[in-house]
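Descriptive structure summary
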Amino acid sequence: METNELNPEKSLQIISEAIRKSRREFEKNAGTPLIIWGVSILLLSLVVWFVWRTTNNPAWNFLWFSTIILWIVFSVIDKKKEKKVKTKNFLGEIIGYVWISYGIFAIGLSAVFCVIFNINSNLEIYFSSVFLVLIIGILLGFSAMITGLLVKNKWIVIAGVINGLGTPLVVNFLSGDADITLLISIASLITLLIPGIILNLQSKKE
């Protein structure tokens, strides 16, 4: 009499194959979203840098809250994809939770800093912006590193480490109040745009 029960070795084999499939799907589909996010953040950071430097008013940092719109757009697109595709990529879900957590902390901390610091004081806005950019930069590197480890992609891991550890070091070489936003420009290149391009190139070779 045949049995449908799976032994531990067979179960592990099925789980391992599912994980490998999830990694391949992520590397195939994640490149373009990373590029879109990288370009969007890069352009926004340059706009904030330009208007802050031109007007000498750090209140322009409130433009960063516009990233919520991009986040909503991607959420709607992902939901539409889930309706078309019945099978879920569980590794993709985990990675999604990592970046959702990053987004909540980045936006939430920005809102908290706006409440804590007196927005009528340009000096306080500047120092809060420096500290906030440092935290967000480190969190971005941390999130990218976790993503790279989950999908076993060395380029994303390296990008995350460089960005997370390099953010506090780069601050010392920046001059001028508005120049701190260039940290975000550099971070978007290292952790989003370049890894996205690499993933797309790798998927085309396969």
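So, here's what we can say about the structure. All figures in this text were calculated on a predicted structure; none of them were measured in a lab.

This part is about the overall build of the protein. When helices and strands are tallied, the protein shows 7 helices and 0 strands. Put simply, the protein has 206 residues, and 34% of those count as buried. Across the protein, the fraction of contacts at a sequence separation of at least 24, relative to all contacts at a separation of at least 6, is 75%. Counting only carbon and sulfur atoms, one obtains 69% of the accessible surface of the protein, whose full area is about 13000 Å².

Tracing the backbone shows Thr 191 in helix 7 (residues 182–205). You can call Thr 191 buried: its relative accessible area is 2%. Within polar-contact distance, the side chain of Thr 191 engages the backbone oxygen of Ala 187 at 2.7 Å. Apart from residues no more than four positions distant in its own chain, Thr 191 is found in contact with Leu 140, Ala 144, Ala 159, Gly 160 and Asn 163.

Our focus in this paragraph is the environment of Arg 20. The topology assignment puts Arg 20 in helix 1 (residues 8–29). C-alpha separation for the pair Arg 20 and Leu 91, spaced 71 residues apart in sequence, amounts to 9.5 Å.

Moving on to the environment of Gly 148. Checked against the element boundaries, Gly 148 lands in helix 5 (residues 122–151). Judged by relative accessible area, which is 0%, Gly 148 ranks as buried. Excluding its chain neighbours within four sequence positions, the residues that come into contact with Gly 148 are Asn 153, Ile 156 and Val 157.

So, on to helix 6 (residues 154–171). For helix 6, spanning 18 residues, the distance from its first C-alpha to its last is 26 Å, which sits close to the expected 26 Å at 1.5 Å a residue. Along helix 6, the largest kink reaches about 35° and is centred on Leu 165; proline Pro 168 follows within four residues of it. Those residues of helix 6 that sit buried are Ile 156, Val 157, Ala 159, Gly 160, Asn 163, Gly 164, Gly 166 and Thr 167. Between the side-chain oxygen at the start of helix 6 and the backbone nitrogen of Trp 155 there is a gap of 3.0 Å, and the oxygen is on Asn 153.

Quick look at the packing of aromatic side chains now. The way to describe two aromatic rings as a pair is by their centre distance and the angle between their planes. All told, the structure shown has 1 aromatic pair when counted by the stated rule. Relative to Tyr 102, the ring of Trp 99 has its centre 5.7 Å away and its plane inclined at 75°; by these criteria the two rings are edge-to-face. Separated by 3 residues within a single helix, Trp 99 and Tyr 102 lie in helix 4 (residues 90–116), roughly one turn from each other. By relative accessible area, which is 24% here, Trp 99 ends up partly exposed.

Taken together, the side chains of Met 145, Leu 149, Val 161 and Leu 165 present a nonpolar region at the surface, about 350 Å² in accessible area. The set of elements that each furnish at least two residues to the nonpolar patch consists of helix 5 and helix 6. For Val 161, the location among the structural elements is in helix 6.

Note that Lys 204 resides in helix 7. Take Lys 204: its relative accessible area is 68%, and that puts it in the exposed class. Linking Lys 204 and Lys 28, residues 176 residues apart in sequence, is a C-alpha distance of 8.5 Å.

Let us look at helix 2 (residues 31–55). Its 25 residues give helix 2 an end-to-end C-alpha distance of 36 Å, which sits within 8% of 36 Å, the value for a rise of 1.5 Å per residue. Those residues of helix 2 lying buried are Gly 31, Leu 34, Gly 38, Ile 41, Leu 42, Leu 44, Ser 45, Val 48, Val 51 and Trp 52. Just beyond helix 2, the residue with positive phi is Asn 56, at close to 60°.

Criteria and cut-off values
- Residues numbered from 1 in each chain as written.
- Predicted model: local features only at pLDDT ≥ 70, side-chain atom pairs only at ≥ 80, totals over all residues.
- Heavy atoms only, no water.
- Helix = DSSP H or I, 4+ residues; strand = E, 2+ residues; numbered from the N terminus.
- Buried < 20%, exposed > 50% of the residue type's maximum accessible area, 1.4 Å probe, protein only.
- Contact = heavy atoms within 4.5 Å.
- Areas by Shrake-Rupley, 256 points an atom, 1.4 Å probe, with all protein chains shown as cover.
- Polar contact = N/O pair within 3.5 Å; in protein donor to acceptor, adjacent residues only side chain to side chain.
- Expected span 1.5 Å × (residues − 1).
- Bend = angle between axes of the 7 residues up to and from the residue.
- Phe/Tyr/Trp six-rings, centres within 6.5 Å; stacked < 30°, edge-to-face > 60°.
- Patch = residues over 30% accessible without salt bridge, like charges linked within 9 Å, V, L, I, M, F, W, Y side chains within 5 Å.
- Salt bridge = Lys/Arg side-chain N within 4 Å of Asp/Glu carboxyl O.

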